[in-house]
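Read off the chains here:
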Amino acid sequence: MALLEVCNVGKSFRKRGGELFRALDGVSLSVEVGEIVGLVGSSGSGKSTMANVLVGLETADAGTVRFQGVEGDVSVKPSRRSREFREAQLGMQMVFQHPTSSFSPRMKVGEGVAEGIAYRGVARAERMPLVLDALESVGLPRAYAGKYAWELSGGECQRAAIARAIVGNPVLLLADEPTSALDVTIQAQIVRLLAELCAERSMACLFISHDLALVRSLCTRVYVLDSGRVVEEGPTTHVFASPQSDAAKLLVSSVIDI
Ligand code: ADP
Ligand code: MG
């Protein structure tokens, strides 16, 4: 059984003029335990909307999600989803595009990372050792717990955001363009870190990106989204070697080999 099974998720937004715009149209996808899967597509294809529906930041119009064996109706408000499903959902954590968006400017990095376990009912006194371990796992000095996010470089801050996401030992990481706000050299380091963390912890990852070169280095399988629909899916090497859809062809042709 797959770790995550997304079935027929649809989501429309009302545009300014009042007309409905379909951001997701019958999207189905799956992720196996420990698997790193790419979700690619051009800007506006619905990638972030998909991630937001999964973690409950958005309510879909239709669709079901089965995660860790628990099925949930994602077309009802997150607060009205079954308790069992919401508990299972704690096993998926998100890393956002902008590193600082995971941290409040008034909070020290240690406190911000601790938020990643506070909701799980870990007692205050037990949090800091786990936070320091998480910082170490992402390659940051433990002393960074006492710094503010704005004192860190972009790459360091994204590492801290990853620490916040993994401190509660999730089984699935949703990484929404986690490197697109970073310099190219730093991008590669963050991608390597994600790969290492997934391997060490048997953690799965849905890696969302418009950058197929990064996806090629990280993901075994890939889904291509275009205008809210999955237009292609398969092993990354196949999609690279012979893209079938126009959307995949365009993405592949934009990869610059260096
Ligand atoms: P991607 O992450 O692939 O760039 P998004 O999922 O962010 O795409 O957005 C898909 C489409 O849905 C875009 O056209 C975007 O403008 C629209 N959209 C996303 N969120 C909202 C919202 N809250 N209200 C209205 N339109 C939205
Ligand atoms: Mg996006």
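Structure: see above.
Residues numbered from 1 in each chain as written. Chains lettered and ligands numbered in written order. Predicted model: local features only at pLDDT ≥ 70, side-chain atom pairs only at ≥ 80, totals over all residues. Heavy atoms only, no water.

Asker: Please clarify how the packing of aromatic side chains should be interpreted in this entry.
Answerer: For any pair of aromatic rings, the description rests on two quantities: the centre-to-centre distance and the angle between the ring planes. Applying the stated criterion across every chain yields a total of 1 aromatic pair. For the pair Tyr148 and Trp150, a centre-to-centre distance of 5.3 Å together with 5° between the ring planes defines the contact as stacked. Directly above the ring of Tyr144 sits Lys147, whose terminal nitrogen or CZ lies 5.0 Å from the centroid. (Phe/Tyr/Trp six-rings, centres within 6.5 Å; stacked < 30°, edge-to-face > 60°. Lys NZ or Arg CZ within 6 Å of the ring centre and 35° of its normal.)

Asker: Honestly, the site of ligand 1 in this entry has me stumped. Any pointers?
Answerer: Within the structure, ligand 1 sits among Phe13, Lys15, Phe21, Ala23, Ser42, Ser43, Gly44, Ser45, Gly46, Lys47, Ser48 and Thr49. Taking Ser45, its main chain carries an N or O atom lying 3.2 Å from an oxygen atom of ligand 1. Every element with two or more residues in the shell around ligand 1 is listed here: strand 2 (20–31) and helix 1 (47–55). The biggest single contributor to the shell around ligand 1 is helix 1, with 3 residues. Counted by class, the shell around ligand 1 contains 3 nonpolar, 7 polar and 2 charged residues. (Near = heavy atom within 4 Å. Polar contact = N/O pair within 3.5 Å; in protein donor to acceptor, adjacent residues only side chain to side chain. Helix = DSSP H or I, 4+ residues; strand = E, 2+ residues; numbered from the N terminus. Nonpolar A, V, L, I, M, F, W, Y, C, P; charged D, E, K, R; others polar.)

Asker: What is the right way to look at the sheet that holds strand 3 (residues 36–40) in this model?
Answerer: The strands making up a sheet associate through hydrogen bonds between their backbones, and the pairing can be parallel or antiparallel. Here we have 6 strands laid out as an open sheet, ordered 6-7-8-3-9-10, and mixed in their pairing. Of all the strands in the sheet, the pair left with one neighbour each is strand 6 (92–95) and strand 10 (229–235). The average undirected angle you get between the axes of adjacent strands in this sheet is 20°. Strand direction decides the pairing type here: strand 7 (residues 172–176) and strand 8 (residues 204–209), joined by 5 bridges, are parallel. Counterpart to Asp176 in the pairing with strand 8 is Ile208. Where helix 1 meets the sheet, its contacts fall on strand 3, strand 6, strand 7, strand 8 and strand 9 (221–226), and the angle it forms with strand 6 comes to roughly 145°. Strands strand 6 and strand 7 of the sheet are contacted by helix 5 (residues 154–166), whose axis makes an angle of about 170° with strand 6. (Pairing = 2+ DSSP bridges. Axes fitted to C-alpha atoms, helices over the stretch in contact; angles between N-to-C directions. Contact = heavy atoms within 4.5 Å.)

Asker: How do you make sense of unusual backbone geometry when you look at a structure like this?
Answerer: Excluding glycine, most residues fall at negative phi; most peptide bonds, likewise, are trans. The phi torsion at Gln68 lies on the positive side, around 50°, for a residue other than glycine. Among the residues examined, Gln68 registers a relative accessible area of 39% and is labelled partly exposed. Positive phi, close to 50°, is recorded for Ser202, a residue that is not glycine. Positionally, Ser202 belongs in the loop between helix 6 (184–201) and strand 8. On the basis of relative accessible area, Ser202 is assigned to the partly exposed category, the value being 47%. (Buried < 20%, exposed > 50% of the residue type's maximum accessible area, 1.4 Å probe, protein only.)

Asker: Any chance you could explain the packing of helix 5 against helix 6 here in plain terms?
Answerer: To describe two helices that pack against each other, one gives the angle between their axes and the distance between the axes. Two elements in contact, helix 5 and helix 6, have axes separated by 10 Å at closest approach and are oriented at 20°. It follows that helix 5 is roughly parallel to helix 6 by the angle criterion. Crossing of helix 5 over helix 6 shows right-handed handedness. Of the residues in helix 6, those touching helix 5 at Gly155, Gln158, Arg159, Ile162 and Ile166 are Ile186, Gln189, Ile190, Leu193, Leu194, Leu197 and Arg201. Residue classes in the contact of helix 5 with helix 6 are distributed as 7 nonpolar, 3 polar and 2 charged. (Parallel < 35°, antiparallel > 145°, perpendicular 65-115°, else oblique. Left-handed = near helix turned anticlockwise from the far one by under 90°.)

Asker: Is there a simple way to explain helix 4 (residues 124–137) in this structure?
Answerer: Taking 1.5 Å of rise per residue, the 14 residues of helix 4 would be expected to cover 20 Å, and the 21 Å separating its terminal C-alpha atoms lies within 8% of that figure. Listing the buried residues of helix 4 in full gives Arg127, Val131, Ala134 and Leu135. When helix 4 is viewed along its axis, its buried side chains cluster within an angular range of 95° and face the same direction. The elements touched by buried residues of helix 4 are helix 3 (109–118) and helix 5. Remark: Gly139 follows helix 4 within two positions and exhibits a positive phi of approximately 85°. (Expected span 1.5 Å × (residues − 1). Arc of directions from axis to C-beta.)

Asker: What am I meant to see in the pattern of salt bridges here?
Answerer: Opposite charge on two side chains allows them to pair when their charged atoms are near. For the structure on display, the rule yields 10 salt bridges. Across the pair Glu177 and Lys47 runs a salt bridge whose closest N-O atoms are separated by 3.9 Å. A residue pair is termed long-range when its members are at least 10 positions apart, and Glu177 in the loop between strand 7 and helix 6 and Lys47 in helix 1 qualify at 130 residues. For Lys47, a relative accessible area of 6% puts it in the buried group. Put simply, Arg83 and Glu87 hold a salt bridge, and the shortest N to O gap is 3.4 Å. (Salt bridge = Lys/Arg side-chain N within 4 Å of Asp/Glu carboxyl O.)

Asker: Whenever I open this one, the state of the cysteines confuses me. Can you help?
Answerer: In protein structure, a disulfide is the covalent linkage between the sulfur atoms of two cysteines. Counted by the stated rule, this structure contains 0 disulfides. Unpaired in terms of disulfides, Cys157 finds its nearest cysteine sulfur in Cys205, a separation of 18 Å. What makes Cys157 buried here is its relative accessible area of 2%. We note that Cys198 lacks a disulfide partner, and the nearest cysteine sulfur, in Cys205, lies 4.8 Å from it. (Disulfide = S-S within 2.5 Å.)

Honestly, that's just the spatial picture; any functional story needs more than this.
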